[in-house]
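Architecture at a glance
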Amino acid sequence: SQTIHQWPATLVQPVGSPLSLECTVEGTSNPNLYWYRQAAGRGLQLLFYSVGIGQISSEVPQNLSASRPQDRQFILSSKKLLLSDSGFYLCAWEGPNYGYTFGSGTRLTVV
Amino acid sequence: AQTVTQSQPEMSVQEAETVTLSCTYDTSENNYYLFWYKQPPSRQMILVIRQEAYKQQNATENRFSVNFQKAAKSFSLKISDSQLGDTAMYFCAFISGSQGNLIFGKGTKLSVKP
């Protein structure tokens, strides 16, 4: 069966520090992968999606970037974090019939 | 552009009773999929139920069912025999069958009271 792993679960980083969040999927090949951000008490905002290795599409301009170095690995990065980057980050992969399966999320606090 | 609207920011229901969460969407497409996701306090996003737009029959998953009104672009979720574990944020979501990504509403916070 397919599983999705996301880490770390919680992260507290100072302003100006770098960021790397990792997401990996098991049990499937060439998945469509997604990064969402959820601000406190709000809905989900799509940040990036990828349909294959090295293929990244950005939905909103921001301080973040994404990479897909391997088929089942999706990384969210930043060179210098801002206070506004705080939030809950979710990785997802698109399964059959367009249903998305989400990772357990990363709670990022920038201080 | 497609949009998803959940007009009820918060709702509450007594344990064992039935509650209905509302969702409307806007699209010019004929082929699409609709979903309800549950996000409990753990914040894990869990798929509750799925509806294909080409299917007239409303989807049902145990205590969860939907009322899909395609012409009205309405997709409500009914939770029967509410349980304390149903306490969560519920998100309605839409995806086109031809292109695009999953679009979420802003969510409804449901509290089940003992």
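Below: a short report on this structure. As the structure is a computational prediction, the values presented were derived from the model and not from experiment. (Residues numbered from 1 in each chain as written. Chains lettered and ligands numbered in written order. Predicted model: local features only at pLDDT ≥ 70, side-chain atom pairs only at ≥ 80, totals over all residues. Heavy atoms only, no water.)

One pass over the structure, following the stated rule, counts two disulfides over all chains. Shown here is the disulfide that connects Cys23(A) with Cys91(A), its sulfur atoms set 1.9 Å apart. Residues Cys23(A) and Cys91(A) are joined through a disulfide that is left-handed, its torsion about the S-S bond being -75 degrees. Here Cys23(A) is found in strand β3 (residues 19–26), whereas its partner Cys91(A) is found in strand β9 (residues 87–94), with 68 residues between them in sequence. Paired by a disulfide, Cys23(B) and Cys92(B) hold their sulfur atoms 2.0 Å apart. Residues Cys23(B) and Cys92(B) are joined through a disulfide that is left-handed, its torsion about the S-S bond being -70 degrees. In this pair, Cys23(B) sits in the loop between β3 (19–21) and β4 (24–26) while Cys92(B) sits in strand β10 (residues 88–96), placing the two residues 69 residues apart along the sequence. When sorted by exposure, Cys23(B) lands in the same class as Cys92(B), which is buried. (Disulfide = S-S within 2.5 Å. Helix = DSSP H or I, 4+ residues; strand = E, 2+ residues; numbered from the N terminus. Buried < 20%, exposed > 50% of the residue type's maximum accessible area, 1.4 Å probe, protein only.)

Let's shift gears to the pattern of salt bridges. All names here are of chain A. Going through the model one piece at a time under the given rule, you end up with five salt bridges over all chains. Between Arg-68 and Asp-71 there is a salt bridge, with the nearest N and O atoms lying 3.4 Å from each other. Exposure remark for Arg-68: the relative accessible area of 3% places this residue in the buried category. Accessibility expressed as a relative area gives 21% for Asp-71, which makes it partly exposed. (Salt bridge = Lys/Arg side-chain N within 4 Å of Asp/Glu carboxyl O.)

This next bit is on the interface of chain B and chain A. Accessible area lost on assembly of the parts is the figure often given for the size of an interface. Of the residues lining the interface, 17 residues belong to chain B; the matching set on chain A comes to 21 residues. Of the roughly 1,600 Å² buried between chain B and chain A, counting both surfaces, carbon and sulfur atoms make up 51%. The interface formed by chain B and chain A holds zero salt bridges in total. The interface formed by chain B and chain A holds seven residue pairs in polar contact (both at pLDDT 80 or more) in total. Within the residue set of the side of chain B that touches chain A, elements represented by two or more residues are β5 (32–39) and β10 of chain B. With four residues, the top contributor of residues to the side of chain B that touches chain A is β5(B). (Contact = heavy atoms within 4.5 Å. Buried area = accessible area lost by both parts, 1.4 Å probe. Polar contact = N/O pair within 3.5 Å; in protein donor to acceptor, adjacent residues only side chain to side chain.)

Topologically, Asn101(B) is positioned in the loop between β10 and β11 (103–104). Look at Asn101(B) and you get buried, because its relative accessible area is 13%. If near-sequence neighbours (up to four positions away) are discounted, Asn101(B) is found in contact with Tyr34(A), Leu46(A), Tyr49(A), Glu59(A), Tyr100(A), Phe94(B) and Ile95(B).

Our focus in this paragraph is unusual backbone geometry. The phi angle of most residues is negative, glycine excepted, and most peptide bonds adopt the trans form. Backbone torsion omega between Trp7(A) and Pro8(A) reads 0 degrees, so that peptide bond is classified as cis. With phi around 80 degrees, Ala16(B) is a residue other than glycine that occupies positive phi space. Its place among the elements puts Ala16(B) in the loop between β2 (10–14) and β3. If you check the backbone angles, Lys73(B) has positive phi at about 55 degrees while not being a glycine. Note on Lys73(B): relative accessible area 26%, which makes it partly exposed.

A separate point is the side chain of Ser17(A). Residues and elements named next belong to chain A. Within the secondary structure, Ser-17 is located in the loop between β2 (10–13) and β3. Judged by its relative accessible area of 11%, Ser-17 is buried. Engagement of the side chain of Ser-17 in a polar contact is seen with the side chain of Gln-13, the distance being 3.5 Å. Dropping the residues within four chain positions of it, Ser-17 is found in contact with Lys-79, Lys-80 and Leu-81.

Residues and elements named next belong to chain A. Examined bridge by bridge, strand β5 (residues 44–52) and strand β6 (residues 55–58) share three bridges and lie antiparallel to one another. Looking across to β6, one finds that Tyr-49 is bridged to Ser-57. Hairpin connection from β5 to β6: two residues lie between these consecutive antiparallel strands, with Gly-54 at a positive phi of about 75 degrees. (Pairing = 2+ DSSP bridges.)

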